[in-house]
Structures are given as C-alpha cells and as structure tokens.
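The primary structure of each chain is shown beneath.
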Amino acid sequence: MKLLHAALVCLLLSFPGYSCTLRMGIETSFAPYIIQQGDSWRGLNVELLARLAQEVDCKLEFIHSPWLRSLKLIEQGELDVLSHLSYNTERSEHFAFIGPHQQEIIYLVGIAQAFPGLTNLTELKRSGTSGIIALLNGAYYGDELDSILNDAKNRTRFVFIRSNEDKQGLLLNGRVHGVLEDIAAYHYWKKLANLPTVGLEPLFEVYQSPVYFGFNRRTLSTQQLEQLGKAWQLLYNNGELSRIVQRYQVAEYQFSLPQPASRLPLQEPQL
C-alpha cells in the first residue's frame, strides 16, 4: 500500500498535459531573445522555453509585463516563469533556475565622447562620469555596480528605466549618453536600418553571468522543477537546444549555449 500511495503522489505532482500552462512574464523589443510580431511572440528565449514546455507536455501563456512588475507578479503567484534571470541568493528564495540559456555579457554602450578616459567600473567608482547612463529597473548587474549605485554621489548619473524598449529609446533619441546592454542585443539592434546607431559603440564590459529561466517555487512543486531540469538536460544532450540557438546567430557576434547547470531547491526528506 505504501508503494501504491507513493506512486499516486508522484502521478498527481507530475505535469498533467491536459491542463498544464506556464505563464511567462514577457516584454517587447529585446531581440534576439524576445521579439513581438503583432499578437505573437518569437525570439531565442521564446523558442527555447516553448521547446522545454513541449517536452513536459505544457503550454505557454505570455503575459506582457515590465521587468520589475514581473518580479512582483512572481512573488504574488501570478507568473510561473521569467527568462534572462541571473542567480543570487535572494532570488533563490523565489525561483528555481533552469539552464543556463545564455552567458550574458553586459557592456556600457554609448557615445565615447561622453565618457572620456572611462574604461572600467573601478574608474567610474573612483572618478564618476559626466555621461548619464540608463539601466533596467530591477535588473542585477553585479556587486561592483551595486556598490556604485549605493553611493549617492555616483547614483545621480544613472536613470532607472521600466523596460528594455524605453531604455534603448532614450539612448537613440539622445536623452542619455549610454545604456547597460547585453552585447548580443546591441549587435541585433545595430543591424536595424531604421535605428540611428552611428556614433554608438560598446565601451567596456560591465558584468557577465550565466542567465536562466527562473521558475516560480510558489506555483510549481519540487517534482515539477526536477522534471524541467531533466528535460533541459535531455534537450541539450540531443542537440535540439543548440539547433535553436544557431538560428539566431549574426555575423558580427557569435554566442553559444552554456552547459546545463540548473539550480533547483533541495528535495525535502521523506518522513
């Protein structure tokens, strides 16, 4: 009877294909990762997550939400997954991290003349800058930048923007002198003929980190999260994930899929 009970529990906790829907928080204009076309979505992150969802017999529901609001919706149990999430201890209380799906490399992208002599964050912390830099509100860019933002003198040179689309728009319209941007995203929007990118360039690397699909520990069980981790490993091993990545390469910048290193909550001991 105990074995039968355990089997029934496992069955109930697994993903039921007929009713499983993963709600993803998503925002526009973050090519190549997220691209909106009318009422539909595509992009590298969308395709990778869709393939993962298919492997565990789930559907995806896209909920348009700026990044900071998406983090709140996760806490409230109204979203199940976000993409492009870097790991830290605080976030691990709310998320299980499946992937990583990319090694994110953040640069200061902007007008070189606005940042004379500035080649790294250490110089920025020591000497400040005359240029104004936009960054995504709620995003994590590493401990070194956090220490700069906690300094009242330097914080005044930064503006916090609700979405990647708005951040990019401020730079292209001359409202700020630089943005903190993923280097692959920079190369993608530089290719768009209708964007005035002349004079803009990646100035120096700010931070790099593996980024993951973050699944909500409040709305998904430990068993479900483990199933997602195993499915990601399987799709990596059989080459399906790499084939999706290859469709989004550009001549100016090549990137690769990191080896799986999912961070899942520890299984609670059986009583």
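J.: Just to check I follow, could you spell out empty space enclosed by the protein for this structure?
T.: In this approach a probe as big as a water molecule rolls over the atoms, and the regions it shows empty are the leftover space. This model, assessed by the stated rule, comprises one cavity of 30 Å³ or more. If you add up the space inside the largest cavity, you get close to 320 Å³. Considering the residues around the largest cavity, the lining is formed by 25 residues, among which F30, W67, H84, L136 and N164 are closest to the centre. For the lining of the largest cavity, the secondary structure elements donating two or more residues are β1 (21–26), α3 (67–75), β5 (81–86), β6 (95–111), α7 (164–172) and β9 (178–182). Here the lining of the largest cavity takes four residues from β5, the largest share from any one element.

J.: What am I meant to see in the layout of surface pockets here?
T.: Taken as a whole, the largest pocket holds about 520 Å³ of empty space. Lining the largest pocket are 21 residues, and of these L71, N88, E90, R91 and G138 lie nearest its centre. Mapped by element, the contributors of at least two residues to the lining of the largest pocket are α3, β7 (133–136) and α5 (143–149). Tallying contributions element by element places α3 first for the lining of the largest pocket, with five residues. When its residues are assigned to classes, the lining of the largest pocket shows 11 nonpolar, four polar and six charged. Around the second largest pocket, the lining is made up of 17 residues, and of these S29, A31, Q168, W189 and L192 lie nearest the centre. When contributions to the lining of the second largest pocket are tallied by element, the ones reaching two or more residues are β2 (35–37), α7 and α8 (183–190). Looking at the lining of the second largest pocket, the element that brings in the most residues is α7, giving four residues. Class assignment for the residues of the lining of the second largest pocket results in eight nonpolar, six polar and three charged.

J.: Sorry, what's going on with the pattern of salt bridges here?
T.: Between side chains of opposite charge, pairing is possible as soon as their charged atoms come close. Under the defined criterion, the tally for this structure stands at five salt bridges. As a salt-bridge pair, R23 and D80 come within 2.8 Å of each other at their nearest N and O atoms. Residue R23 is found in strand β1, and its partner D80 is found in the loop between α3 and β5; the two are separated by 57 residues along the sequence. The buried category is assigned to D80, whose relative accessible area is 5%. Residue E47 is joined to R247 by a salt bridge in which the shortest nitrogen-to-oxygen separation is 2.3 Å. Of this pair, E47 sits in helix α2 (residues 44–55) while R247 sits in the segment after α10 (240–246); the two residues are 200 residues apart in sequence, bridging distant segments of the chain. One network of salt bridges, with partners in common, ties together R51, E55 and E240.

J.: Is there a simple way to explain α7 in this structure?
T.: Looking only at α7, the buried set comprises N164, K167, Q168, L171 and L172. Looking straight down α7, one finds that the buried residues subtend no more than 130° of arc, so they occupy a single side. Tucked inside the fold, the buried residues of α7 contact β6, β7, β8 (158–161), β9, α8 and β10 (200–216). G174, located one to two residues past α7, shows a positive phi value of around 75°.

Criteria and thresholds
Residues numbered from 1 in each chain as written. Predicted model: local features only at pLDDT ≥ 70, side-chain atom pairs only at ≥ 80, totals over all residues. Heavy atoms only, no water. 1 Å grid on protein atoms, 1.4 Å probe; cavity = no way out; pocket = protein on both sides within 12 Å on 5 of 7 lines; lining within 4 Å. Points joined across faces, edges and corners; volume = space filled by probe spheres on them. Helix = DSSP H or I, 4+ residues; strand = E, 2+ residues; numbered from the N terminus. Nonpolar A, V, L, I, M, F, W, Y, C, P; charged D, E, K, R; others polar. Salt bridge = Lys/Arg side-chain N within 4 Å of Asp/Glu carboxyl O. Buried < 20%, exposed > 50% of the residue type's maximum accessible area, 1.4 Å probe, protein only. Arc of directions from axis to C-beta. Contact = heavy atoms within 4.5 Å.

Keep in mind that these numbers describe shape and distance, not what the molecule does.
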